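# Inside the fold
Here is what each chain is made of, one letter per residue.
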Amino acid sequence: MTTNSIDAWVEFSYQGKDHHYLDRIDLDQLLCIYDELPSIHELLAKCHQVDTYSYLYEVMLEAELEFANPTGSAADYLVEGCFDVASLADNWHKAKVVVLMQPVVERELGIKDLRAEPALCRALLAAYNMGRSV
């Protein structure tokens, strides 16, 4: 299975010094930990020992993020340099829930592949999300 990852970087100047922070981000690892991905700016700051309560970080937040070299399904969410982190996270979590529901659906309803039943899959995902919000 291909991992979902991407190179992210930010370039900016602060107090006459140029900064270039780059990191390869393992999206699968982060999505296993968080429901929503943390800010990419925050990830880069932590990787490069930048205090998120500093003026340096505030200037960094104003700089545009750039992305390249996506792997796995992350490639589907990078379009013309713009990376749709929220959609990737949402679809990653939905796919994970479908995998978790599959044994129950097979045992209770005899359905071998839940993805082959899109209406049922949508209904179960909606029920799951309602249950999470209660």
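Above this text sits the structure in question.
Residues numbered from 1 in each chain as written. Predicted model: local features only at pLDDT ≥ 70, side-chain atom pairs only at ≥ 80, totals over all residues. Heavy atoms only, no water.

## Comments concerning the sheet that holds strand β1 (residues 5-14)
Strand order in the open sheet formed by three strands is β2-β1-β3, with antiparallel pairing between adjacent strands. Edge positions in the sheet fall to β2 (17-26) and β3 (65-71), since each of these pairs with one other strand and no more. Recorded for the sheet is a direction-independent mean angle of 15 degrees between the axes of neighbouring strands. Where β1 lies against β3, five bridges are found, and the strand directions are antiparallel. Bridging from a neighbouring strand, A8 pairs with F67 of β3. Relative to the sheet, helix α2 (residues 40-47) contacts β1, β2 and β3, its axis offset from that of β2 by approximately 105 degrees. (Pairing = 2+ DSSP bridges. Helix = DSSP H or I, 4+ residues; strand = E, 2+ residues; numbered from the N terminus. Axes fitted to C-alpha atoms, helices over the stretch in contact; angles between N-to-C directions. Contact = heavy atoms within 4.5 Å.)

## Overview of the pattern of salt bridges
Side chains that differ in charge, positive against negative, can pair when their charged atoms come close. Tallied over the full model, the rule gives six salt bridges. Between D7 and R24 there is a salt bridge; the shortest N-O distance is 2.8 Å. Of this pair, D7 sits in strand β1 while R24 is found in strand β2, placing the two residues 17 residues apart along the sequence. (Salt bridge = Lys/Arg side-chain N within 4 Å of Asp/Glu carboxyl O.)

## Looking at the state of the cysteines
All told, the structure shown has zero disulfides when counted by the stated rule. For C32, which is in no disulfide, the shortest distance to another cysteine sulfur is to C121 and amounts to 19 Å. (Disulfide = S-S within 2.5 Å.)

## Details of the nonpolar core
Ranked by internal contacts, the top residues of the largest apolar core, which has 29 residues, are V10, I25, L27, I40, M60, F67 and F83. Every element with two or more residues in this core is listed here: β1, β2, α1 (27-33), α2, α3 (55-62), β3 and α4 (85-109). V105, L114, C121 and L125 belong to the second largest nonpolar core, which has eight residues in total. (Core = buried A, V, L, I, M, F, W, Y, C linked by side-chain atoms within 4.5 Å. Buried < 20%, exposed > 50% of the residue type's maximum accessible area, 1.4 Å probe, protein only.)

## Side note on the pairing of β2
Moving residue by residue along a regular strand, the side chains alternate between the two faces of the sheet. In terms of strand pairing, β1 meets β2 through ten bridges, oriented antiparallel. Bridge pairing in β2 links D7 to R24. The turn linking β1 back onto β2 is made up of two residues, and Q15 within it adopts a positive phi angle of 50 degrees.

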